[in-house]
Amino acid sequence: AQSVAQPEDQVNVAEGNPLTVKCTYSVSGNPYLFWYVQYPNRGLQFLLKYITGDNLVKGSYGFEAEFNKSQTSFHLKKPSALVSDSALYFCAVRDVLLIGSGAGSYQLTFGKGTKLSVIP
Amino acid sequence: GAGVSQSPSNKVTEKGKDVELRCDPISGHTALYWYRQSLGQGLEFLIYFQGNSAPDKSGLPSDRFSAERTGGSVSTLTIQRTQQEDSAVYLCASSRTTGLFYNEQFFGPGTRLTVL
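Procedures and definitions
- Residues numbered from 1 in each chain as written.
- Chains lettered and ligands numbered in written order.
- Predicted model: local features only at pLDDT ≥ 70, side-chain atom pairs only at ≥ 80, totals over all residues.
- Heavy atoms only, no water.
- Helix = DSSP H or I, 4+ residues; strand = E, 2+ residues; numbered from the N terminus.
- Rg over C-alpha atoms; globule rule 2.2 N^0.38 Å.
- Buried < 20%, exposed > 50% of the residue type's maximum accessible area, 1.4 Å probe, protein only.
- Contact = heavy atoms within 4.5 Å.
- Areas by Shrake-Rupley, 256 points an atom, 1.4 Å probe, with all protein chains shown as cover.
- Lys, Arg positive; Asp, Glu negative; His and termini not counted.
- Charge placed at Lys NZ, Arg CZ, Asp CG, Glu CD.
- Buried area = accessible area lost by both parts, 1.4 Å probe.
- Salt bridge = Lys/Arg side-chain N within 4 Å of Asp/Glu carboxyl O.
- pLDDT = per-residue confidence, 0-100.
- Pairing = 2+ DSSP bridges.
- Axes fitted to C-alpha atoms, helices over the stretch in contact; angles between N-to-C directions.
- Disulfide = S-S within 2.5 Å.
- Core = buried A, V, L, I, M, F, W, Y, C linked by side-chain atoms within 4.5 Å.

Trainee: It is not clear to me how the overall build of chain B should be interpreted in this structure. Could you clarify?
Mentor: Regarding its fold elements, chain B presents zero helices and ten strands. Along chain B, helices (α) and strands (β) appear in the sequence β-β-β-β-β-β-β-β-β-β when read from the amino end. Taking 116 residues into account, the globule formula puts the C-alpha radius of gyration at 13 Å, and chain B, at 14 Å, falls close to it. In terms of overall dimensions, chain B has a C-alpha envelope of 40 × 30 × 30 Å along the principal axes. Sorting the 116 residues of chain B into buried and exposed places 48% on the buried side. Of all intrachain contacts in chain B linking residues separated by at least 6 positions in sequence, the fraction that spans at least 24 positions is 54%. As displayed, chain B offers around 5500 Å² of accessible surface, 46% of which is attributable to carbon and sulfur atoms. The centroid of the 11 positive side-chain charges in chain B is displaced by 2 Å from the centroid of its 11 negative side-chain charges.

Trainee: How should the interface of chain A and chain B be read in this particular structure?
Mentor: Taken together, the contacts link 25 residues of chain A with 21 residues of chain B. The largest per-residue losses of area from chain A upon contact with chain B belong to Leu44(A), Tyr106(A) and Phe110(A), which jointly make up 25% of the total buried on that side. At the junction of chain A and chain B, the tally comes to one salt bridge. One salt bridge connects Lys49(A) with Glu104(B), and the closest N-O pair in it is separated by 2.7 Å.

Trainee: Would you mind showing me how to read the confidence of the model for chain A here?
Mentor: Caution is warranted with low-pLDDT regions, since their predicted coordinates should not be read in detail. Per-chain confidence: chain A averages 92 in pLDDT, with 97% of residues scoring 70 or above. The weakest mean pLDDT in chain A belongs to strand β11 (residues 109–110) of chain A at 92; the strongest belongs to strand β9 (residues 73–78) of chain A at 98.

Trainee: Is there a simple way to think about the sheet that holds strand β3 (residues 19–24) of chain B in this case?
Mentor: Whenever strands of a sheet pair, they do so through backbone hydrogen bonds, lying parallel or antiparallel. All names here are of chain B. Pairing within the open sheet is antiparallel, and its four strands lie in the order β1-β3-β7-β6. Edge strands, defined here as strands with exactly one partner in the open sheet, are β1 (5–7) and β6 (65–69). Each strand axis lies, on average, 15 degrees off the axis of its neighbour in the sheet, ignoring direction.

Trainee: In this structure, what is going on with the state of the cysteines? I would like to understand it.
Mentor: Put plainly, a disulfide is one covalent bond tying together the sulfur atoms of two cysteines. The tally for this structure, following the rule as stated, stands at two disulfides over all chains. In this model, Cys23(A) is linked to Cys91(A) through a disulfide, with the two sulfur atoms separated by 2.0 Å. Looking down the S-S bond of the Cys23(A) and Cys91(A) bridge, the torsion is -60 degrees, so its handedness is left-handed. With a gap of 68 residues between them, Cys23(A) in the loop between β3 (19–21) and β4 (24–26) and Cys91(A) in strand β10 (residues 87–95) connect regions that are remote in the sequence. In terms of burial, Cys23(A) and Cys91(A) fall into one category: buried. Disulfide partner of Cys23(B): Cys92(B), at an S-S distance of 1.9 Å. Taking the sign of the S-S torsion, about -65 degrees here, the bridge from Cys23(B) to Cys92(B) comes out left-handed. Separated by 69 residues along the polypeptide, Cys23(B) in strand β3 and Cys92(B) in strand β8 (residues 88–95) bring together distant segments of the chain.

Trainee: I tried to follow the nonpolar core on my own but got confused; where do I start?
Mentor: All names here are of chain A. Grouped together as the largest cluster of nonpolar side chains are 27 residues, with contacts concentrated most on Trp35, Leu47, Leu48, Phe74, Leu76 and Tyr89. The set of elements that each furnish at least two residues to this core consists of β2 (10–14), β3, β5 (31–38), β6 (44–50), β8 (64–68), β9, β10 and β12 (114–119). Element by element, the count of residues in this core is highest for β10, at four residues. Among all residues touching tyrosine 89, those that are not within four sequence positions of it are Gln6, Val21, Trp35, Tyr36, Val37, Leu47, Phe63, Leu76, Gly113, Thr114 and Leu116.

Trainee: Any chance you could explain the environment of Val115(B) here in plain terms?
Mentor: Note on placement: Val115(B) falls in strand β10 (residues 111–115). Ignoring any residue separated from it by four or fewer positions in sequence, one finds Val115(B) in contact with Thr13(B), Glu14(B), Lys15(B), Thr82(B), Gln83(B), Gln84(B), Asp86(B) and Ser87(B).

Spelled out as structure tokens, the structure:
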């Protein structure tokens, strides 16, 4: 089974400071990992993904994430937070080993989300 | 626009009524997903369509829920005899599909369903 955990329900950071939103995952094979952001009353927007290759992935709006296989983590980071970054952030995983293995094998599994508040 | 669209944006219904939620995916996207997002919860997978293949219904919570996808494009999620616990935001997403399934999903704005 594949699973993902976002250990923090809420993260507060001052504007201009670096931010980190944590994500850990569990898979049987190799993971595809994704970060999405959801602004109020909006659908989810894709930020970045890890498939293979470089462990540091760069995405939209200055965000980046680092894949760490030994720690099974994929934390989202940004060097300098903006007030406009305040939103709900979701990490998601797909276990490559499970793809095509049966019912539910094509789904992404999402974490419960982390609410990021950037304080002016 | 070129994004995923959903209708209605809001739906208020009485317990026991049936509702239909519609999703128009991005043109050319063969994969379509429905999710349910409840307050304080993550996204719960409901159903997955891939082209003309039989859908993966493994996430549907009960037999009151059903979905179809006509002509490989528009999809309708139907909830029969709605219950208060069905109140949630229903999100639709579509993606291109490659054999390795690493393409990101594009989400619609969702339908907020309230069952009174």
